[in-house]
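So the chains spell out like this:
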Amino acid sequence: MVNKQEIQSKMMQAVEAVRGTNPMAGSITNTVTINLVANAQLAVGGSAAMVYLPDEAEFLAKAGGAMCINVGTLLPIYEETLPYVAKVLHETGKPWVLDPVAVGIGSLRTKLLQQFKAYKPTIIRGNASEIIALAGLWGLDGGTEQSNVRGVDSTDSVSGAKVAAIALAKWTGGAVAVSGETDLVTDGSIMAVSYGGSHFMEKITGAGCSLGGVAAVYATATSPFIAALTATTVYNVAGKRAELKVDGPGSFQVQFIDELYKTTAEDIANNSLDIEEVSFL
Ligand SMILES: Nc1ncnc2c1ncn2[C@@H]1O[C@H](COP(=O)(O)OP(=O)(O)OP(=O)(O)O)[C@@H](O)[C@H]1O
Ligand SMILES: Cc1ncsc1CCO
Ligand SMILES: [Mg+2]
């Protein structure tokens, strides 16, 4: 049986460990949201470093406790950097997060995301359409060949990505986090549903990208499943609280960083969470 209290207590430990040790998680991420990703990582107690070049990515992969790869805005150099660093991460057993932003657009994005299948990202984080499309690209259950990703936005429901999320987690042996109004996190055998957040998170860019960066920070301190669930939960708590204090998306983003900074381990344990065993779904 899955023990919800044990999961909550592991999340609390991860939050405290990160606040106590300031772990570094490097990123190769998109140019739209790079600043929000770094600030969110710092707000939860981590340390950020962003690079583009293959040798620098290798340095960060080895020096940090985990890494975040987000394919939002591809540059030609990424054809070299991304498979190279993913191989280093896989071979050294370093946890890494993949955000398959806009999967389905362009030949380089498709080629890179196909290459990542063999390097088994420890955490895959995306919106529902991205998770379904990545499962489709990798030939796994629950995926569709045609991507429903509309640019970087989702057109699918989170619950519709359940089978794809489980299949991806079983393939990687890690965790998958599907974001939306409610969030799903699975390791292929447990399915967690986390509630909270804010409608304003759809009105700022990078809530998802920065969630991936924060998941990488927690992955330096705990298992992929607990890291993905802790990041998801912190986002749900901080989003809910920030919404109460603001009246628009611009001030929401500022308030959200403050709430990430203020969210405690107890707040995370007290946030609404459902846990189910996948075999019963
Ligand atoms: N309608 C909503 N209500 C509550 N929380 C939401 C809502 N939509 C998104 N969120 C939260 O926003 C965060 C990002 O999820 P989202 O699905 O928007 O990612 P995304 O589409 O990849 O974002 P981006 O690509 O802009 O970074 C998650 O923490 C999620 O829980
Ligand atoms: C808007 C946008 N375009 C490419 S990446 C990105 C950030 C959200 O995914
Ligand atoms: Mg996204």
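Since the model is a prediction, treat every value here as computed from it, not as a measurement.

1. Topic: the site of ligand 1
By nearness alone, 19 residues border ligand 1, and Arg-125, Ser-179, Asp-183, Glu-202 and Cys-209 come closest of all. Between ligand 1 and Gly-206, the relevant distance is 3.1 Å, taken from an oxygen atom to a main-chain nitrogen or oxygen of the residue. In this structure, an oxygen atom belonging to ligand 1 sits 2.8 Å away from a main-chain N or O atom of Cys-209. Considering ligand 1 on its own, with 620 Å² of exposed area, one finds that the protein chains cover 91% of that surface. Those elements that place two or more of their residues in the shell around ligand 1 are strand 5 (123-127), helix 8 (207-219) and helix 9 (224-245). Among the elements that line the shell around ligand 1, the one with the most residues is helix 8, at 4 residues. Residues belonging to the shell around ligand 1 are distributed by class as follows: 5 nonpolar, 10 polar and 4 charged.

2. Thoughts on the pairing of strand 5
For strand 5, a buried count of 5 out of 5 residues is recorded, marking the element as mostly surrounded by other parts of the structure. Neither face of strand 5 is left uncovered, since the one carrying Ile-123, Arg-125 and Asn-127 and the one carrying Ile-124 and Gly-126 both have all their residues buried. Judged from the 2 bridges that link them, strand 4 (residues 96-99) and strand 5 form a sheet pairing that is parallel. Across the sheet, residue Val-97 finds its bridge partner in strand 5, namely Ile-123. Once the chain exits strand 4 it traverses helix 5 (residues 107-119) before rejoining the sheet at strand 5, and the crossover so formed is right-handed.

3. Considering the UniProt feature "binding site: substrate" (unreviewed entry) in the protein
Under the UniProt annotation, "binding site: substrate" (unreviewed entry) lies at Met-50 and Gly-206. Mapped onto the secondary structure, Met-50 falls in strand 2 (residues 47-50). If we ignore the near neighbours within four places in the chain, the residues touching Met-50 are Ser-27, Thr-29, Ile-34, Val-37, Ala-38 and Gln-41. Within the element layout of this structure, Gly-206 appears in the loop between strand 8 (190-194) and helix 8. Here Gly-206 falls in the buried class, since its relative accessible area comes to 8%. Beyond its immediate chain neighbours, meaning those up to four positions away, Gly-206 contacts Thr-33 and Leu-36.

Conventions and cut-offs
Residues numbered from 1 in each chain as written. Chains lettered and ligands numbered in written order. Predicted model: local features only at pLDDT ≥ 70, side-chain atom pairs only at ≥ 80, totals over all residues. Heavy atoms only, no water. Near = heavy atom within 4 Å. Polar contact = N/O pair within 3.5 Å; in protein donor to acceptor, adjacent residues only side chain to side chain. Areas by Shrake-Rupley, 256 points an atom, 1.4 Å probe, with all protein chains shown as cover. Helix = DSSP H or I, 4+ residues; strand = E, 2+ residues; numbered from the N terminus. Nonpolar A, V, L, I, M, F, W, Y, C, P; charged D, E, K, R; others polar. Buried < 20%, exposed > 50% of the residue type's maximum accessible area, 1.4 Å probe, protein only. Pairing = 2+ DSSP bridges. Right-handed = clockwise from strand over helix to strand, strands pointing away. UniProt positions renumbered as here; feature names shortened; annotations may be inferred. Contact = heavy atoms within 4.5 Å.

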